[in-house]
Amino acid sequence: MKRLISTTWLTLALLVAGAGGAKAESQTPNGPTNQTVNITVGGETRSYRLYVPKGYESNLPLVIAMHGAGESMDNQSPRFNEIADTAKFIIAYPQGKQIYFPVFGGNTTGWDASGEDNADAAFLRAIIDDLAGEYQIDRKRVYCCGFSNGGMNTYAMSNACSDVFAAFASISGFPLNEFHLRHVGKRPVPFLHIHGKNDDFVRYRLMPTIVDEMVARMGANPVPIKKTVSGKYDKNVYEAIDGSFPFVYYEIDGMGHSNFTSNTEDGNSSLTMWKFLRQYTLDTPCDTTLKWMPRIETEGFSPKTHGWSVNSGKTILAFGLGSKTDANQNVYPSLQFTNGRYRLCFKSQGEPGKTIGVKLQRFQKTSAAINTIVSVGEEATLYFAIENDDFGQYKLTFTRENTTDEISVSDIRIYSLTEEEATGISTVGTVPPSAGRGCYTLDGIQVTPSSKGISVKDGKKTIIK
């Protein structure tokens, strides 16, 4: 990776309303460093604006702050410079590339916020490597944030780079349109989001679905602790539980699509983000195997108003259904997985002898990762595998044999298997006595009878040729 300091600034038109820019300072004797840095990543020259506070020391935290679509690194948005002078951390403002945005009908500077481990993810990693060599930053205290499309990419990085950044914060940005939310990273992540109630560009009214999916991905309490300051904000804290992280959501009165608000308890949205981010390091404990824990039985939580189908005919519970429309801007509930092995756990209550059908099926596909029957009253653990599917969206459904059967399902959890679990004999699945129609591999993964190898069918070993 080649590094070159440049004094050339990029000048780009602002296409997003409310994005306030700032003129960058130059480096002065014994003063702060504020300069453009060019690096070569994958054979391509990329740039970022670097701010180092006066009197910096080694082992400082790093904040990467990404601008909105149509902006440049020279906007230094969201702005942290004055905060860094006091709190002592380094800031990198990366420069987005020219990409196509359907909403603008053409190309402009921005981020490929798809959630994939793409060129932008490689660029951010390269910035961290560059600054680790030049300034000896604390790699366990590296944070990611952004405005608008930069906030969308913050969500994307919480998936692609959850093992790189310790915590995340977004203002006026969440995945939509071509950037459907992916929340399948290597670990749960601490996340703070600030959004204006008057934002009809990145629509405020779609935020509840984003919140639901992030809270369930983190396994946080779905009923927030809420504080309202009239005329300023509603602050919602979805608290961490059992190895999870919190999701903190500010709804700002009178705010449209903007990279800054004074309507937080700190009087400065960037300061509010920094105070949240600084609480976490990559060593902060969490359950890295946790993939989804909706906690729908929590007192005060109404699943029906949060994207769940509840007690509808033979359906006990169902979650995950949708597709992109103009109205939803590609924001809808879904369960998401990448290739790997997992286990689904849940509890059930009801009349003895009754059974529950469990199905985990990819959208618009006939095959299912899980399609089996379990007995009511058991604490069930079902193993499943996702293969040949770099990223897929799924629907989870629990059904009963008769509409009159009174059955409840609770404590739903999905975990990835550790390497030991995925390869060890301890993962052998047990066919529920009532099933009689399931076929499982010795790893406990349900398969169709046409699969090759040794399977367990109806409680007996069967060789499928």
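Below: a short report on this structure. (Residues numbered from 1 in each chain as written. Predicted model: local features only at pLDDT ≥ 70, side-chain atom pairs only at ≥ 80, totals over all residues. Heavy atoms only, no water.)

## Structural notes on the overall build of the protein
- A tally of helices and strands in the protein yields six helices and 26 strands.
- Each of the 465 residues in the protein was classed as buried or not, and the buried ones make up 56%.
- Surface accessibility of the protein: about 19700 Å² in total, with carbon and sulfur atoms responsible for 48%. (Helix = DSSP H or I, 4+ residues; strand = E, 2+ residues; numbered from the N terminus. Buried < 20%, exposed > 50% of the residue type's maximum accessible area, 1.4 Å probe, protein only. Areas by Shrake-Rupley, 256 points an atom, 1.4 Å probe, with all protein chains shown as cover.)

## So, the nonpolar core
- In this structure, Phe80, Leu131, Met157, Phe165 and Phe247 are the most contacted members of the largest nonpolar core, which totals 87 residues.
- For this core, the element with the most residues is helix H2 (residues 119-135), which contributes nine residues.
- Ignoring anything within four residues of it in the chain, the contact list for Phe165 reads Ile64, Leu124, Ile128, Val142, Tyr143, Cys144, Met157, Arg187 and Leu282. (Core = buried A, V, L, I, M, F, W, Y, C linked by side-chain atoms within 4.5 Å. Contact = heavy atoms within 4.5 Å.)

## Focus: the pairing of strand E23 (residues 407-416)
- Within E23, seven of the 10 residues are buried, which leaves it mostly tucked inside the rest of the structure.
- As paired strands, strand E14 (residues 290-292) and E23 are joined by two bridges and run antiparallel to one another. Along E23, the bridge assignment pairs Leu290 with Tyr415.
- In this structure, strand E18 (residues 340-350) lies alongside E23, joined through eight bridges in antiparallel fashion. When the bridges of E23 are listed, Ser348 appears paired with Val409. (Pairing = 2+ DSSP bridges.)

## Comments concerning helix H5 (residues 269-277)
- Among the nine residues that make up H5, seven are buried, leaving the element largely enclosed by the rest of the structure.
- Among all positions of H5, only Ser269, Ser270, Thr272, Met273, Trp274, Phe276 and Leu277 are buried.
- Along its buried surface, H5 packs onto strand E4 (62-66), helix H1 (81-87), strand E8 (142-147), strand E9 (167-171), strand E10 (191-196) and strand E13 (247-252).
- Its side-chain oxygen at 2.9 Å from the backbone nitrogen of Ser270, Asn268 defines the N-terminal cap of H5. (Polar contact = N/O pair within 3.5 Å; in protein donor to acceptor, adjacent residues only side chain to side chain.)

## Some remarks on unusual backbone geometry
- Here the bond from Ser77 into Pro78 is cis, since omega is -10°, no more than 30 degrees from zero.
- Among the secondary structure elements, Pro78 is positioned in the loop between E4 and H1.
- Phi is positive for Asn311, which is not a glycine, with a value near 45°.
- As for its placement among the helices and strands, Asn311 is situated in strand E15 (residues 308-312).
- A relative accessible area of 48% places Asn311 in the partly exposed class.
- Phi angles above zero are rare outside glycine, and Gln364 is one such case at about 60°.
- Inspection of the secondary structure puts Gln364 in the loop between strand E19 (355-362) and strand E20 (368-375).

## Comments concerning the sheet that holds E14
- Here four strands make up an open sheet; going across it, the order is E14-E23-E18-E21 and the pairing antiparallel. On the outer flanks of this sheet lie E14 and strand E21 (380-386), each paired with one strand and no other. Ignoring strand direction, the axes of neighbouring strands in this sheet form an average angle of 30°. (Axes fitted to C-alpha atoms, helices over the stretch in contact; angles between N-to-C directions.)

## Details of the environment of Ser258
- Checked against the element boundaries, Ser258 lands in the loop between E13 and H5.
- A distance of 3.1 Å separates a polar atom in the side chain of Ser258 from the backbone oxygen of Phe260.

## Things to note about the side chain of Thr289
- Relative to the elements of secondary structure, Thr289 occurs in the loop between H5 and E14.
- For Thr289, a relative accessible area of 14% puts it in the buried group.
- Only 2.6 Å separates the side chain of Thr289 from the side chain of Asp287, close enough to count as a polar contact.

## What about H2?
- The terminal C-alpha atoms of H2, which comprises 17 residues, lie 24 Å apart, in line with the 24 Å expected from a rise of 1.5 Å per residue.
- All of the buried residues in H2 are Asp120, Ala121, Phe123, Leu124, Ala126, Ile127, Ile128, Asp130, Leu131, Ala132 and Tyr135.
- For H2, the N-terminal cap is Asn118; the gap from its side-chain oxygen to the backbone nitrogen of Asp120 is 3.1 Å.
- In the stretch just after H2, Gln136 is the one whose phi turns positive, near 50°. (Expected span 1.5 Å × (residues − 1).)

## What to know about the environment of Thr305
- Residue position: Thr305 is located in the loop between E14 and E15.
- Sequence spacing of Thr305 and Pro208 is 97 residues, and the spatial spacing of their C-alpha atoms is 9.9 Å.

## Considering the pairing of E9
- Across the five residues of E9, five count as buried, placing the element largely inside the fold.
- Both faces of E9 are covered, namely the face carrying Ala167, Ala169 and Ile171 and the face carrying Phe168 and Ser170.
- Taken together, E8, helix H3 (residues 149-160) and E9 constitute a β-α-β crossover, and its handedness is right-handed.
- Inspection of the sheet shows E9 paired to E10 by four bridges, in the parallel sense. Each residue of the ladder has a partner; that of Ala169, found in E10, is Leu192. (Right-handed = clockwise from strand over helix to strand, strands pointing away.)

## Considering the pattern of salt bridges
- Under the criterion given, the structure shown has 18 salt bridges.
- Taking the shortest distance from any N to any O, the salt bridge between Lys140 and Asp283 comes out at 2.9 Å. Here Lys140 is found in the loop between H2 and E8, whereas its partner Asp283 is found in the loop between H5 and E14, with 143 residues between them in sequence.
- For Lys197, the salt bridge goes to Asp253, with nearest N and O atoms at 2.6 Å. With Lys197 in the loop between E10 and helix H4 (207-218) and Asp253 in the loop between E13 and H5, this residue pair connects regions lying 56 residues apart in the sequence.
- The exposure class of Lys197 is partly exposed, given its relative accessible area of 25%.
- Among the charged side chains, a salt-bridge network with shared partners connects Lys347, Glu379, Asp411 and Arg413. (Salt bridge = Lys/Arg side-chain N within 4 Å of Asp/Glu carboxyl O.)

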